[in-house]
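Letter by letter, the chains look like this.
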Amino acid sequence: WNLPNVLTLMRVLLIPPFAIGFYLPSHGNLISGSIFILAAITDFWDGYLARKWNICSNFGAFLDPVADKLMVSTALVLLAGQEGLLIAVPSTMILAREIAVSA
């Protein structure tokens, strides 16, 4: 284990609190938005540190894009569920593209 891999794994572990925060009646948007921003910051730092310290790993190379897709997909599904068709259609298109590119 190294710090970049721990940061990547932390991003995956932030997904449930992100989803829970989304549904909180009081300050839910602030909480889920803050968690999403924290995940974005860790995304930057895990890649930067792995390259700077030359500690790229197969685990990190696999998990980093998976963590990104899981967080973004979760956000899209939550928004589509809350906002309805207006957001569901573009969300579906984005998710379909992500799946096609990953396959």
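An account of the accompanying structure is given in this report. (Residues numbered from 1 in each chain as written. Predicted model: local features only at pLDDT ≥ 70, side-chain atom pairs only at ≥ 80, totals over all residues. Heavy atoms only, no water.)

**Re the packing of aromatic side chains**
In step 1: Enumeration according to the criterion identifies six aromatic pairs in this entry.
In step 2: Each ring, one from Phe18 and one from Phe36, has its centre 5.8 Å from the other, and the planes form 45°; the classification is tilted. Taken as a pair, Phe18 in helix H2 (residues 15-23) and Phe36 in helix H3 (residues 28-52) lie far apart in primary sequence, 18 residues in all.
In step 3: Judged by relative accessible area, which is 5%, Phe18 ranks as buried.
In step 4: On the basis of relative accessibility, which here comes to 32%, the residue Phe36 falls in the partly exposed class.
In step 5: The structure contains a cluster of three or more aromatic residues connected by ring pairs, namely Phe44, Trp45 and Tyr48. (Phe/Tyr/Trp six-rings, centres within 6.5 Å; stacked < 30°, edge-to-face > 60°. Helix = DSSP H or I, 4+ residues; strand = E, 2+ residues; numbered from the N terminus. Buried < 20%, exposed > 50% of the residue type's maximum accessible area, 1.4 Å probe, protein only.)

**Points about unusual backbone geometry**
In step 1: Its identity is not glycine, yet His27 carries a phi of approximately 65°, on the positive side.
In step 2: For His27, the location among the structural elements is in the loop between H2 and H3.

**So, the nonpolar core**
In step 1: If you look at the biggest cluster of nonpolar residues, it comprises nine residues: Leu14, Ile15, Phe18, Phe22, Ile35, Ala39, Met71, Ala75 and Leu78.
In step 2: When residues of this core are traced back to their parent elements, those giving at least two are H2, H3 and helix H4 (58-83).
In step 3: Filtering out sequence-adjacent residues up to four positions away, Ile35 remains in contact with Leu14, Pro17 and Phe18. (Core = buried A, V, L, I, M, F, W, Y, C linked by side-chain atoms within 4.5 Å. Contact = heavy atoms within 4.5 Å.)

**Considering the packing of H3 against H4**
In step 1: The geometry of H3 relative to H4 is characterised by a closest axis approach of 11 Å and an angle of 165° between their N-to-C directions. Taken together, H3 and H4 sit at an angle that is classed as roughly antiparallel. Crossing geometry of H3 relative to H4 is assigned as left-handed. From H3, Phe36, Ala39, Asp43 and Asp46 reach across to H4, where they touch Asp64, Asp68, Met71 and Ala75.
In step 2: Taken together, the residues that form the contact of H3 with H4 break down as four nonpolar, no polar and four charged. (Axes fitted to C-alpha atoms, helices over the stretch in contact; angles between N-to-C directions. Parallel < 35°, antiparallel > 145°, perpendicular 65-115°, else oblique. Left-handed = near helix turned anticlockwise from the far one by under 90°. Nonpolar A, V, L, I, M, F, W, Y, C, P; charged D, E, K, R; others polar.)

**A few points about a nonpolar patch on the surface**
In step 1: A cluster of nonpolar side chains, namely Trp1, Leu3, Val6, Trp53 and Phe59, defines an oily patch on the protein surface of about 570 Å² accessible area.
In step 2: Along the chain, the position of Val6 falls in helix H1 (residues 3-13). (Patch = residues over 30% accessible without salt bridge, like charges linked within 9 Å, V, L, I, M, F, W, Y side chains within 5 Å. Areas by Shrake-Rupley, 256 points an atom, 1.4 Å probe, with all protein chains shown as cover. Salt bridge = Lys/Arg side-chain N within 4 Å of Asp/Glu carboxyl O.)

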